Structures are given as structure tokens and as C-alpha cells.
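For reference, the chains in residue letters:
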Amino acid sequence: MKVNVKVQRYNPEKDKKPSWQSFAVECEPGDRVLDLLNHIKWYMDSTLTYRRSCAHGVCGSDAMLINGRNRLACKILVKDLARDGGTITVEPIRGLKVERDLLVDMEPFFDAYRAVMPFFINDDPVPAGERLQSVEDRAIFDEGTKCILCACCTTSCPIFWVNGRYLGPASIVQAHRFIFDSRDKGSDQRLKVLNQNTGVWRCRTAYNCTEACPRDIPITELIEEVKRAVLYQKA
Amino acid sequence: MHHRYDVLVVGAGGAGLMASLYAAKNKNVSVAVISKLYPTRSHTGAAQGGVGAALGNVNEDHWEWHMFDTIKGGDYLTDQDAAEIFSKDVIEAVYELEHMGLPFSRLPNGKIAQRKFGGHTREYGKSAVERACYAVDRTGHMILQTLYQQNVKAGTTFYNEFQVLDLIIEDNVCKGVVALELSSGEIHTFHAKSVILASGGYGRVFKITSNALSLTGDLMSIYYRKGLPLEDLEFYQFHPTGIAKLGILITEGARGEGGILRNDSGERFMERYAPTIKDLAPRDMVSRAIYREIREGRGVGKEKDAIMLDLTHLPKDIIESRLPDITDFARTYLGVDPVKELVPIQPTAHYAMGGVPTTIDGEALASEDGTLVRGLYAAGEVACVSLHGANRLGTNSLGDLIVFGRRAGMAAAKFAQKAEFETLPNNPEAYSKGLIDRLRSNSGTDNAAKIRKELQDTMMMNVGIFRNGKDMEAQVKIVKELQARYKNVSVADPSARYNTELVEALELGFLLDIAEAMTASALNRTESRGAHDREDFTERNDDQWLKHTMAYRDMNNPGNVLLRYKPVVLKGETLNFVPKPRVY
């Protein structure tokens, strides 16, 4: 089959503003959008720029806006987007500065990640073996551990588009993963960060994040759990 | 731009992040990490099934059994001193990861959950044992995330999205690293007292691979270009269960949980090849068995070139709770639901057992006689200690990262604490600038993508699972031709910022040189051992070949590879295992 891939192009070294370019690509229904982009780069226009690495949805490099929705280019197949002769549009994720074509500046995203203290805190002496944790306690924070930091959620959030200082869904998910880990003792500090005006209260439960997550994490639910923890636990 | 650090780590996967954490524990040294990706995108994150350690949480287990399995799995090419250190230390290292907050799956008693994996046995081969400590089917993801989190906590300095182009090595002394900053196109020199290589493997030399697009063997190749040796490159592991055509990994944990391989008639064919542990035989044996079935016409699919992985007899909740990611992969990429349907699989190029030769402390070797490259260390897949010998057991790569990443980090910091900064050469960036200038100014019209595809197709055919002298001799010539054509590759994109065309062209150069060393090493080894299986020399030959290959580029005669040898260490600190025929 053949599809028309319409890509947003922008190279600050030569362009004043972004523009669109279309490529007619021969492909199979089971091809990934990443396969189409690779085909364009390797055989049609070598200047096309994007990030990619694992090509199967676990590294989080190739988050982009595909047919108007945030997805990983390696985890969405042509047949789920277009029929023979159809069009697939590809743009950079929103709310982060476009560095070139589909590649955006990830630093503000990782700054927000680091702000919530996304690391295990427990200064008690360690036991000889493992710290015990029940199957049930382990299950409480399982969803958050799936996060690959691709930024699909944060960059689909209307609040984040309006105010880039909002910590955003991805970092709240990271905080959740530790707040609800029975072994961790750093919740007070994290909940204080999340109670600030850049924290969880900015969330207006639009559910865009949950819909955008390529790992099916129920993000809005996790944010609600963090809100409740801020209210009733400590901060 | 110039930078100075006492310890510089190249690569931010499991080995690199463990090394940086341990180097930074020494408060007298400064540490930085360079990575061509963001750290959380490193390929350690793709590892699924588990990390092997004899915790004995489910059934009795001992490090001695793990040591034996590792050596036997490696077809006795494993250095036994490395295997003994490893199987002891990995127990403590797994507990340490748990103490860092790693969310392992749990048993009802609250301990770390463990499951079966290929080649893991009790009482020296009697039956399968639960040794793989796992976190659902994303153990590597959890290790990568946990180690990155700990580095954030420790305030590690990262240089993300820097492509390394050169190691500054003079007279067997390493003085630093030269790298390209992708966001600006600027060249940086990192002056360091010690450098730790932790840059991973080179699966992208093959057509079908589980490896990320970024795994192009950059640092192995740079090492080789300096006239320094690469060890045991002929041993390249194919994982038995890659998703058909795509090569995306389906964890061995799927068979650990009870999955069965079936041919076109539904036969459980592994009963014929490994009667005792069947589908849980080591990877080299299962991969070969699958290919034999396909070659003998018992494959499935349109081209009869795949085999089926059957999970349908397992309870739905086991599949969904212990193997959710691979279930998602099968549904996404194949439209197949593993709960109800069989999953078509093919072996996929997965792991380099060979690499930069090192001591048990990660010190890089300049020669088979034990000469060191002072100040240079390596750990993880880029390195060859040699723990994995001729075939790595499943879960031993994650163990390797944490055990030998830690040792390399400590040793590099200890060295740096005492050492002075060496004087850099006059123009340390000259070689790197030359590489880039040539690609940018070249008027040639050959296409890097076409050359890469030809390399991947031919390496798959000629230096893949089954090998013979004739095909590999042909491959030596093909690689030479492709290297000649590479000289005519030009980079059309003139931009400085994020010039990914330039990066891919540089990576192709690395892949071609790795292919040169690998093919020569494989052609030279006239026996079958572990992952190196020859149709013209079908038996293991201990009299002649119980030794490691050391491949050097002939600096006086480019394109020619010099091969020398290093003995296998057949004794551990307290234990040793005499080579025996390998049956399961």
C-alpha cells in the first residue's frame, strides 16, 4: 500500500517558521510509523530529524503527535491510522521547544522529573537480605513503575501548554511510585513539593494524559491518589 | 570545548550507571557520564526476564551451582575466576538493588520473586531451578530506572546526547575522550584520569535483532581502530524467541513460566534436543534447534520460516500478571493474543559475548600478555571479562552489569585518586574532526542506508547462527567492498544542530569495522562451540581451541586482521570445573 506522510519541518538554522512537507511512502499495513520515518530519512530526505532508539515502545525516544494524538512512532502501526492512499500527519509533541523537525528540548521535562525527588529514600540500616514487601503492597504502586519518561502525557496536558512550570503528569506519576511504596520514607518532602502552586492542584482532570500514555498507565487516577495523599496524609 | 574529570564514564545503561555511582562513592574524585542517548533510553531498559542470583527464595540454590551453570552454559570458554566472583557477588548486588528501591515482584512471604530460566539448574544439571529474580517482565527497565534515580539523588553530572568519536590513547595510556555534542554540532574534549567504557553492544550489524537502533558498537570499534585487541568476537548470541520478522524480544521468562516451543505439526521439538530441561536449554542450543526445524521444513508461516511459542495452556492471570509487556508486544505488532493463540517467533541477534578484553576489575587489556591500557576500564556488553564464554545464560547480562559495573567504578576511582592528569596530545580533536570533515566534504554519491542494509543482510546470512568457511570467506570480501564504498558516502545535511544523518554515517563506519574483526575471528575458529556453530567443523575441539581469540587490526596492512590467543582461566578462587561434553 501507499500512504502520504505529512511531516512538520523546522530547522532553526534556515527556517523562520515551521512548514509542512509530504512524502508518498510505499509500505505494509503492519509497518510502524517509525519505519515510515526511517524510510524517508534513509532513502528520500536525509535531513529529516527525530529521536529513536529501541523501536518497540520501551525507551520512550520517539514520542510525537501522530494524526493529532501523542504516541510513540514505534508503537503505532500504519493499518491503525490510514488505508491505502490515506494520509498520516506527524508533528512534534507540544509544549516543549522544537529544536529541529520532530525533535524537542527535553530538559524542562527532566527538570520537572528531578524536582519531585524521583528516588528511593530510606536511611534506616539495611537488612542482610531484602526488605520484605507483601504482594499487595507491591501492587499498589505497580502502574507508575511502567513509566518510560516519553513525555506523551505531559505534552498532551492543556494545563502544561498554558503554564510550562506545572510539574506535569509524568513527574506526578514518578512521585506516586515512591509515595505509595511501603518501603520508602520520603513522602513528606515529596508531598510538600506537590502541594506547591506548580504541583498537583494544577491538574483539572482533563484525562488527556491517560489517553496519551503508550503504556496504558491510568495517570489521572494516580494524580487523584496523590491529591488525596496531599490532603489527608501529611502536607 | 575542554572538560576535566577524574573519572569519565562512557554510556549510561546499567553498567555505566552502576560504575558512576560506585566511582562517586569515592569523595576524592570528580565523576561525569557521557551518553549518546538520554540515560533512561539506554538498552538495559529493554531487558525483560530477570537477573540471576542464587538467593534460594523459592527452592534451594547455591552460588556454586550458578557458577557451574555459567561455565557449562559458556561451553567452558568462560573464565572461571570471573564466574566465581560473579556468582558470589551477584547475590549481594541484587539485595543492594532492592535496597536502592528496585520494585522486584514478590513472593507471598514478601521476599524477591524468582522464576526459572534457560540453563539454570540445581545440583549441577539435575533439573531446572528458580534463580531469575524478576520485576514483572520489565526487570531491565526497573534496573535502569533505579540506577538513574540513584544517580539523580547523588547529583551525577551527565552529558546527554554526546556521540563519542575517539579515545585519546597514547603508549597504552588513556587520557580522555573526544565527543560530538548533538545539540550544537560542537566537538568536546574530555580530559580524564580514568575512562570507563560502558557503551553496550553492536546488534545492528545484523538484519534481525532485538537491539536498539543505537547499538552500533561505537566504542569497541574505536578501540579496535587504535590497534588494540577485541576478544572473542566470533561468539554472538541469537536469542531463540524474537517476534517473527521484527526481532523484538520475547523474554525467556515466557518459557520459564511454562511456555513451550512447537513446530508446524504442534510437536514439542525440544524434547528431542535437550531431553532433561527441554525448552529451558541454553539459548545457543534452542536457537539452533529452531533453525534445524525450519531448515527441515517444519516451520510455520507463509515462508515456513518461524516456530510457535505456545502459552495458551497457562492460566490467563499468570500471563497477564507476569508477562504483561510481551503480551502487549504480541498484540501490538502481530495482532496475536498469547492467552488464546500461538505466537510466531524466530531467533534474533541479541548479545555480544566478546568485546574489549578486561581483567576482573574491568581494566582494559592492550594485549594477550596482560599489558594494560592504563586508565581505561570497561564493563557490561562492551567488555569481555570473560564471564559469558561462548554463550551467555539468560539473566547473566543484568548480573554482569551490576557486578562488573560496580568493580570497574571502584577500580577506576581508586586509580584516579592516585593518578595525575596526563598531558594531552597537541591537537586531540584532529582525528574526530577529520572523520566528520571527510563525510561532510565528500563528493561521493553512495548511500549509507543502502550500505548498512547490505552489511546487515550479508552478516545475517554468512556469520549468523550456522556458519561455514566458504560463506565467511565471501563475507570477508563483502565487508572489504562495503568499506571501500563507505569512502564514497557523503552527508547531504549541512546543519550543525542535531545532524542525525552525520551520526548515522559515523555509526555505519563503526559497524563496518566491527564486522571486519568479527568475521575474521569467526572464520579463523575451526570448531563449533556455544554460539559459534560451524557446518564444516561440527565438533568442539578443546585440544586446539580452548582459548580466547584476540583480534587486532593490522595497522600496517589495513583490512587485514591479526589473530592471537589468550588462555582460558580454568580455575576460580576456590572451585574449578573440568570441561565436559555439554548435554542437558
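Our structure's up above, just so we're on the same page.
Quick summary incoming for the structure in this document.

Rules and cut-offs
Numbering of residues starts from 1 in each chain and follows the order in which that chain's sequence is written. Numbering of ligands from 1 and lettering of chains from A proceed in the order in which they are written. Residue-level local features of this predicted model are given only where pLDDT is at least 70; pairs of side-chain atoms are given and counted only at 80 or more, and the full residue set underlies all totals for whole chains, interfaces and linings. Hydrogens are left out, water is left out, and the side-chain values use all remaining heavy atoms of the structure. Think of it this way: any DSSP run of H or I at least four residues long counts as a helix, any run of E at least two long counts as a strand, and we number them from the N terminus. Only C-alpha atoms enter the radius of gyration, while the globule expectation follows 2.2 Å times N to the 0.38, with N the number of residues. Categorising residues by exposure relies on relative accessible area from a 1.4 Å probe, with only protein chains included: less than 20% of the type maximum marks a residue as buried, more than 50% marks it as exposed, and the intermediate range marks it as partly exposed. In summary, the charge assignment counts Lys and Arg as positive and Asp and Glu as negative, without counting His or the chain termini. The atoms used to mark charge sites are NZ of Lys, CZ of Arg, CG of Asp and CD of Glu. Salt bridge, as used here: a side-chain nitrogen of Lys or Arg that lies within 4 Å of a carboxyl oxygen of Asp or Glu. When two rings of Phe, Tyr or Trp (its six-membered ring) have centres within 6.5 Å they constitute a pair, described as stacked for plane angles under 30 degrees, edge-to-face for angles over 60, and tilted for the intermediate range. Criterion for a charge above a ring: Arg CZ or Lys NZ at most 6 Å from the ring centre, at most 35 degrees from the ring normal. Between the first and last residue of a helix there are one fewer steps than residues, each counted as 1.5 Å, and that sum is the expected span. Every residue pair with non-hydrogen atoms within 4.5 Å of one another is taken to be in contact. Accessible area that two parts lose when put together, evaluated with a 1.4 Å probe and summed over both, is termed the buried area. Polar contact criterion, stated in full: a pair of N or O atoms within 3.5 Å, where within protein one must be able to donate a hydrogen and the other to accept it, and residues adjacent in sequence count only if both atoms are side-chain atoms. Note that Gly is not counted as nonpolar here; it falls among the polar residues with everything else outside the nonpolar set of Ala, Val, Leu, Ile, Met, Phe, Trp, Tyr, Cys and Pro and the charged set of Asp, Glu, Lys and Arg. Strands are treated as partners if at least two bridges between them are detected by DSSP. Between N-to-C directions, angles cover 0 to 180 degrees, with each direction set by a line fitted to C-alpha atoms, over the stretch in contact for helices. In these notes the angle categories are as follows: under 35 degrees is roughly parallel, over 145 is roughly antiparallel, 65 to 115 is roughly perpendicular, and the rest is oblique. Helix crossings are classified by the rotation of the near helix relative to the far one: an anticlockwise turn of less than a right angle makes the crossing left-handed, while a clockwise turn makes it right-handed.

Counting its secondary structure elements, chain B contains 16 helices and 22 strands. Its C-alpha atoms give chain B a radius of gyration of 22 Å, near enough to 25 Å, the size a compact globule of 584 residues would have. Taken along its principal axes, the extent of the C-alpha atoms in chain B is 65 × 50 × 50 Å. Per-residue burial over chain B gives 70% buried out of 584 residues. Each charge class in chain B was averaged separately, 69 positive and 75 negative side chains, and the resulting centres sit 1 Å apart.

With that settled, consider the pattern of salt bridges. Counted by the stated rule, this structure contains 81 salt bridges over all chains. Linking R183 of chain A and E98 of chain B is a salt bridge whose minimum nitrogen-to-oxygen distance equals 2.8 Å. Placement of the pair is R183 of chain A in the loop between helix 5 (168-179) and helix 6 (187-194) and E98 of chain B in helix 3 (residues 80-99), with the two residues belonging to separate chains. The exposure class assigned to R183 of chain A is buried, which follows from its relative accessible area of 4%. A salt bridge links E231 of chain B to K566 of chain B, with the nearest nitrogen and oxygen atoms 3.1 Å apart. Taken together, the residues span a long stretch of sequence, with E231 of chain B in strand 10 (residues 230-231) and K566 of chain B in strand 22 (residues 561-567) at a distance of 335 residues. Judged by relative accessible area, E231 of chain B falls into the buried class, the value being 0%. For K566 of chain B, a relative accessible area of 10% corresponds to the buried category. Beyond isolated ion pairs, a larger network of salt bridges with shared partners links D75, E234, D284, R288, R292, R525, E527, R529, D533, R540, D542 and R582 of chain B.

Our next topic: the packing of aromatic side chains. Under the definition given, this model contains 20 aromatic pairs over all chains. Where F110 of chain A meets Y113 of chain A, the ring centres are 6.1 Å apart and the plane angle is 80 degrees; that geometry is what we call edge-to-face. Of this pair, F110 of chain A and Y113 of chain A both sit in helix 2 (residues 107-115), three residues apart, roughly one helical turn. Between the NZ or CZ atom of R564 of chain B and the centre of the ring of Y552 of chain B, over which it lies, the distance is 4.4 Å.

A few words on helix 5 of chain A. Helix length check: helix 5 of chain A (twelve residues) gives 16 Å between terminal C-alpha atoms against 16 Å at 1.5 Å per residue, within 8%. Most of helix 5 of chain A is tucked away, with twelve of its twelve residues classed as buried. When we look at burial in helix 5 of chain A, the residues that qualify are G168, P169, A170, S171, I172, V173, Q174, A175, H176, R177, F178 and I179 of chain A. Each element contacted by the buried residues of helix 5 of chain A is listed here: helix 2, helix 3 (135-140), helix 6, helix 7 (208-212) and helix 8 (219-232) of chain A together with helix 4 (139-154) of chain B.

On to the interface of chain B and chain A. The interface of chain B with chain A comprises 61 residues on the first partner and 65 residues on the second. Approximately 5,300 Å² of surface area, both sides summed, lies buried where chain B meets chain A, with 49% of it carried by carbon and sulfur atoms. The largest contributions to the chain B side of the interface with chain A come from R41, H99 and L213 of chain B, which together make up 14% of the buried area. Put simply, chain B and chain A have eight salt bridges between them. As a salt-bridge pair, E161 of chain B and R51 of chain A come within 2.6 Å of each other at their nearest N and O atoms. Across the chain B-chain A interface, the total number found is 39 residue pairs in polar contact (both at pLDDT 80 or more). The biggest single contributor to the side of chain B that touches chain A is helix 4 of chain B, with eight residues. Here the residues of the side of chain B that touches chain A are counted per class, giving 25 nonpolar, 19 polar and 17 charged.

So, on to unusual backbone geometry. All names here are of chain B. Across the junction of V385 and S386, the peptide omega takes the value 10 degrees, indicating a cis bond. Relative to the helices and strands, S386 is located in the loop between strand 18 (383-384) and helix 11 (396-418). A positive phi angle, near 50 degrees, is found at K304, a position not held by glycine. Following the sequence through the fold, K304 ends up in the loop between helix 8 (283-295) and strand 13 (307-310). With relative accessibility at 39%, the residue K304 sits in the partly exposed group.

It is worth spelling out the sheet that holds strand 4 (residues 69-72) of chain A at this point. Residues and elements named next belong to chain A. With mixed pairing, five strands are arranged side by side in an open sheet as 2-1-5-3-4. The sheet terminates laterally at strand 2 (19-26) and strand 4, the two strands that pair on one side only. For this sheet the average axis-to-axis angle between neighbouring strands, irrespective of direction, equals 35 degrees. Looking at chain direction, strand 3 (residues 63-66) and strand 5 (residues 87-91) are connected through two bridges and run antiparallel. Bridging across to strand 5, L65 finds its partner in E91. Contacts from helix 1 (residues 33-43) reach strand 1 (2-9), strand 2, strand 3 and strand 5, with the element oriented near 100 degrees to strand 2.

Working note: a packed helix pair is described by the angle between its axes plus the distance between those axes. Residue and element names in this part refer to chain B. Two elements in contact, helix 2 (residues 63-73) and helix 3, have axes whose closest approach is 9 Å; the angle formed by their N-to-C orientations is 135 degrees. Taken together, the axes of helix 2 and helix 3 are oblique relative to one another. Like other packed secondary-structure pairs, helix 2 and helix 3 cross with a definite hand, here right-handed. Contact with helix 2, carried on its side by W63, H66, M67, T70 and I71, involves Q80, A83, E84, F86, S87, K88, V90 and I91 of helix 3 and no other residues of that element.

Any link to function would need more than the numbers given here.
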